[in-house]
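Breakdown of the fold
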Amino acid sequence: MSENVADAAETQSTDTAVNNLVRMVQNQLKNIQGLVDAQVPLIESALDGDVKSFNEIVDECEEQQELISTLKLKNETLEAKLQEEEQTHTNELYKLRGEMNHMRTKLETLSAIKDELKRLKSLDPDRLKRKNAEQRTLLDERLKSLNIYKRDASALRKEVSLLKKTNLELESIANTTAKTLDQLEEKVERQNGSVVNKEYVGKNGLSCYINIFNWPLAFRPQNKYIKVVNDFDFHLAVRTNWGISLMPSCSTWLVPFLPSSKDLEGNMPTDLHGDIQSLYYTQAEKSHPHYVKRVEWAKDEDLELVDGLSKKLITLLNNSNFFSVYSVAHIPEFELSARVKGLGTKTAIEVKELVDTHVSKWVKENWNKEQIKGEK
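Now for a quick tour of the structure. (Residues numbered from 1 in each chain as written. Predicted model: local features only at pLDDT ≥ 70, side-chain atom pairs only at ≥ 80, totals over all residues. Heavy atoms only, no water.)

Next up on the list: the packing of aromatic side chains. What the rule picks out here adds up to seven aromatic pairs. Plain terms: the ring middles of Phe234 and Tyr280 are 5.9 Å apart, the flat faces sit at 45 degrees to each other, and that makes the pair tilted. Here Phe234 is found in the loop between strand S3 (207–213) and strand S4 (235–240), whereas its partner Tyr280 is found in helix H3 (residues 272–287), with 46 residues between them in sequence. There is no split in this pair, since Phe234 and Tyr280 are both buried. Here Trp297 and Trp362 contribute two aromatic rings whose centre-to-centre distance is 5.0 Å and whose plane-to-plane angle is 15 degrees, an arrangement assigned as stacked. Pair noted here: Trp297 is in helix H4 (residues 289–300) and Trp362 is in helix H8 (residues 345–366), with a separation of 65 residues, a long-range link. Put simply, the rings of Phe232, Phe234 and Tyr280 pair up and form one aromatic cluster. The lysine or arginine in question, Lys299, covers the ring of Tyr326, its NZ or CZ lying 5.1 Å from the ring centre. (Phe/Tyr/Trp six-rings, centres within 6.5 Å; stacked < 30°, edge-to-face > 60°. Helix = DSSP H or I, 4+ residues; strand = E, 2+ residues; numbered from the N terminus. Buried < 20%, exposed > 50% of the residue type's maximum accessible area, 1.4 Å probe, protein only. Lys NZ or Arg CZ within 6 Å of the ring centre and 35° of its normal.)

What follows deals with the side chain of Lys352. Counting through the fold element by element, Lys352 comes out in helix H8. Notably, Lys352 is buried but unbridged: the nearest opposite-charge side chain belongs to Asp356, and the N-O separation is 4.0 Å. Once residues lying within four places of it in the same chain are set aside, the contact partners of Lys352 are Val328, Ala329, Ile331, Glu333 and Leu336. (Lys, Arg positive; Asp, Glu negative; His and termini not counted. Salt bridge = Lys/Arg side-chain N within 4 Å of Asp/Glu carboxyl O. Contact = heavy atoms within 4.5 Å.)

A few words now on H3. When the terminal C-alpha atoms of H3 are compared, their 23 Å separation across 16 residues agrees well with the 22 Å that a helix rising 1.5 Å per residue should span. Turning to H3, its buried residues number three or more, namely Leu272, Ile276, Tyr280, Gln283 and Ala284. One side of H3 carries all its buried residues, which in axial view fall inside an arc of 105 degrees. Contact partners of the buried residues in H3: strand S2 (200–201), S3, S4, strand S6 (249–250), strand S7 (256–257) and H4. (Expected span 1.5 Å × (residues − 1). Arc of directions from axis to C-beta.)

Turning next to the pairing of S4. Of all six residues in S4, five are buried; the element is thus mostly enclosed. Pairing geometry for S3 and S4, over six bridges, is antiparallel. If you follow Ile210 over to S4, its bridge partner there is Val238. Examined bridge by bridge, S4 and strand S5 (residues 245–246) share two bridges and lie antiparallel to one another. Residue Arg239 lies in a different strand from S5, and its bridge partner there is Ser245. In this structure, the hairpin formed by S4 and S5 is closed by a connection of four residues, where Gly243 is found at a positive phi of approximately 80 degrees. (Pairing = 2+ DSSP bridges.)

Scope: geometric values only; no functional claims are made or implied.
Have a look at this one:
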């Protein structure tokens, strides 16, 4: 109970202190409010004076700004006028300088004219007139000569043009004549042939000459084992001083064959056969190159590469100087048998068949159908 009383007393004491403090603060605020209210008229009066001063300063600034703008405009006007006057003065200065230069040039020209006049006065006018008259006469004569030269040149040009035209006509006639002459020569050569410029000397006074005729002959050899070229566009004739002429033929292996003649046997020139073969070979390079390629291949192809040829047969062939496919392929069976020691006719036929089969394989791989057909 006593504690409650004590607490209540303490609370009452605190409230009293607070109320006193509040009253004291309120009194102070009233005092301050009074002071402020007393100072407000003074502050407002001071502020009014400052505002008036500020406005006066602003008005003065505006007046000064307008004055500055007016002065700037006037200054710019004066500067433009000054530049204009300077430009005018500069132009006048340039004009004066030009006039001065022109006057100097006139003075120099005038001085030169005076000198020239003085020089002309020192000359003899009559002599000058005579000289001018002579010059005019000379010029007239030259002009007359020039006109004559032009007239002659024009006539010469016409003559040259006519000569050129005549020359072209003559050239055309000459070309036509040359072509006609070539055709006639070709016809004559085709009819009479040409002669190889070489004499082939045999035995017992026999001489042979090779004639080339540029028109074909179809040969049919009596020997069935020989295939000949029947489509050459020329043929050869061997004429002798014994009144005997021979017509050679050429196999598809480019080997020439001459008809036999008892009167000529043993007397024929040894170099005749080789030259005839060269002529056929040269012609075949142009018209039958596939035959040439086969000959060249066969000469390089060894017999050992032929399937079916035994070592014994190859030895027999080599002993008789038969080493290449060409050496066997270009001769008939009976000649092979006669030239190879120890090789009978039957065996020679077998060897030829093996070699021909080997050649046929190459032909199928390297010739076209028309070329293969042409040899059959």
